[in-house]
Amino acid sequence: MRWHRVGFRHYWRWKSRSSGGRPRINTELRVLIRRISVENPLWGAPRIHGELLKLGFEVAQPSVAKYMVKRREPPSQGWRTFLRNHAPEIAAMDFFVVPTIGFDLLYAFVIVRLDRRDLIWINVTANPTAEWVARQITEAFPWDEAPHFLIRDRDRIYGSVVTRRLRAMGIRDKPTAPGSPWQNGFAERLIGSIRRDCLDHMVVFGEAHLRRILRSYARYYNDLRTHRSLDKDAPVSRPVQRTGSIKSSPILGGLHHHYARV
């Protein structure tokens, strides 16, 4: 039986030999990937990879996907060309509804710029009117910061008061086609991120509470959250940190975390 055991030992040693490929990353980085993955269950490999790049780690995204915790859980070419050429001068706005703990409905209003995907305005009201929307647009674009084009849907809330305010500010109103939410895809994607990253995990007690939550998320979204469309950068560009120990700060009660070197 001894030769049989020796033969199997040599066989499995041969089966376990290195096959080349990408070198293994060090233990510290593997532990950090698992830590970020555990602390942020909503994050996938692209988001974790973006955070690691900002912390100065040169690691491939497939390696991040390999070591993170495993859980079981198209527009036309003409539109893309238009966006590439005009994105710095385009913004989009939209409403979305948020129920409260008492089953009341609150209306959140967002405005996003298409160039850097930055959330430039967010506010909440229980009774949206055209006058209220016009005031939000004025406050969102002070002085000469207004875009040339503003995309919106055909909701009746955008009445003549809103269109007159847009014209007075030098903004060309661009309503989407009826029943075509994909034509306002940037605002729709932003609203989806707000729901997935924040509101789907919280109970809203009232208008003031929702306003605090959304403004806290807006700061995280603009200053810290990395985006694949921005080459893993934040809308307000984050510098790459390469020295110092890594510290994490909880955001939105620990739903997300910010990692920085100090």
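Up top is the structure these notes are about.
Computed from a predicted structure; not experimentally measured. (Residues numbered from 1 in each chain as written. Predicted model: local features only at pLDDT ≥ 70, side-chain atom pairs only at ≥ 80, totals over all residues. Heavy atoms only, no water.)

Chemist: Hey, could you go over the overall build of the chain for me, with residue numbers and the actual values?
Modeler: A tally of helices and strands in the chain yields 9 helices and 7 strands. Across its three principal axes, the chain shows a C-alpha extent of roughly 90 × 45 × 40 Å. Relative to its full complement of 262 residues, the chain shows a buried share of 44%. Looking at the chain as shown, the accessible area adds up to about 15300 Å², and 54% of this sits on carbon and sulfur atoms. Counting 45 positive and 24 negative side-chain charges, the chain places the averaged centre of each group 13 Å from the other. (Helix = DSSP H or I, 4+ residues; strand = E, 2+ residues; numbered from the N terminus. Buried < 20%, exposed > 50% of the residue type's maximum accessible area, 1.4 Å probe, protein only. Areas by Shrake-Rupley, 256 points an atom, 1.4 Å probe, with all protein chains shown as cover. Lys, Arg positive; Asp, Glu negative; His and termini not counted. Charge placed at Lys NZ, Arg CZ, Asp CG, Glu CD.)

Chemist: So what about the pairing of strand β6 (residues 246–251)? Which residues, and what values?
Modeler: When β6 meets strand β7 (residues 256–261), the two strands line up antiparallel, connected through 6 bridges. Paired with I246 across the bridge in β7 is R261. Between β6 and β7, which pair antiparallel and follow one another directly, the connecting turn spans 4 residues, one of which, L252, has a positive phi of 55°. (Pairing = 2+ DSSP bridges.)

Chemist: Tell me what's going on with the sheet that holds strand β2 (residues 105–113), and back it up with residues and numbers.
Modeler: The mixed open sheet is built from 5 strands, whose spatial order is β3-β2-β1-β4-β5. The open sheet has two edge strands with one neighbour each: β3 (119–125) and β5 (172–175). Averaged over all pairs of adjacent strands, the angle between their axes in this sheet comes to 20°, without regard to strand direction. Packed onto the sheet, helix α8 (residues 185–197) meets β1 (90–99), β2 and β3 and runs at close to 40° relative to β1. (Axes fitted to C-alpha atoms, helices over the stretch in contact; angles between N-to-C directions. Contact = heavy atoms within 4.5 Å.)

Chemist: Quick rundown of the side chain of N40? Include the residues and the values.
Modeler: Along the chain, N40 turns up in the loop between α2 (27–39) and α3 (45–54). Separated by 3.0 Å, the side chain of N40 and the backbone oxygen of I36 make a polar contact. Separated by 3.0 Å, the side chain of N40 and the backbone nitrogen of H257 make a polar contact. Other than its neighbours up to four places away in sequence, N40 contacts L255, H256, H257 and Y259. (Polar contact = N/O pair within 3.5 Å; in protein donor to acceptor, adjacent residues only side chain to side chain.)

Chemist: Which residues make up the pattern of salt bridges, and what values go with them?
Modeler: Between side chains of opposite charge, pairing is possible as soon as their charged atoms come close. With the rule as written, the count across this model stands at 9 salt bridges. The salt bridge involving E58 is made with R242; its shortest N-O contact spans 3.8 Å. Assigned by exposure class, E58 and R242 land together as exposed. Between R152 and D173 there is a salt bridge, and its shortest N-O distance comes to 2.7 Å. Taken together, the residues span a long stretch of sequence, with R152 in strand β4 (residues 149–152) and D173 in strand β5 at a distance of 21 residues. (Salt bridge = Lys/Arg side-chain N within 4 Å of Asp/Glu carboxyl O.)

Chemist: Quick rundown of α3? Include the residues and the values.
Modeler: With 9 of its 10 residues buried, α3 lies for the most part within the structure. For α3, the full list of buried residues reads A45, P46, R47, I48, H49, G50, E51, L52 and K54. The elements touched by buried residues of α3 are α2, α4 (61–67), α8, α9 (207–223) and β7. Phi turns positive one or two residues past the end of α3, at G56, with a value near 90°.

Chemist: Outline the pairing of β5, listing residues and values.
Modeler: Here 4 bridges tie β4 to β5, and the two strands are oriented parallel to one another. Among the inter-strand pairings, I151 is bridged to a residue of β5, identified as K174. Between the parallel pair β4 and β5, the chain is carried across by helix α7 (residues 160–168), and the sense of this crossover is right-handed. (Right-handed = clockwise from strand over helix to strand, strands pointing away.)

Chemist: Give me unusual backbone geometry: which residues, what numbers.
Modeler: At R117, a residue that is not glycine, the phi angle is positive and equals roughly 60°. Within the secondary structure, R117 sits in the loop between β2 and β3. In the Ramachandran plot, D231 falls in the positive-phi region, its phi being about 55° despite a non-glycine side chain. Among the structural elements, D231 can be located in the loop between α9 and β6.

Chemist: Break down the nonpolar core for me, citing the residues and quoting the values.
Modeler: The biggest cluster of nonpolar side chains holds 50 residues, and the ones touching the most others in it are L52, F96, I194, L199 and L214. Looking at this core element by element, the count peaks at 7 residues for α9. In this structure, I194 is in contact with F96, V110, I122, L199, L214 and Y217, ignoring residues within four places of it in sequence. Judged by nonpolar contacts, the second largest core, of 19 residues, contains A91, M93, F95 and I111. (Core = buried A, V, L, I, M, F, W, Y, C linked by side-chain atoms within 4.5 Å.)

Chemist: Describe the environment of H10, listing the residues and the values that go with them.
Modeler: One can find H10 in helix α1 (residues 2–15). You can call H10 partly exposed: its relative accessible area is 48%.

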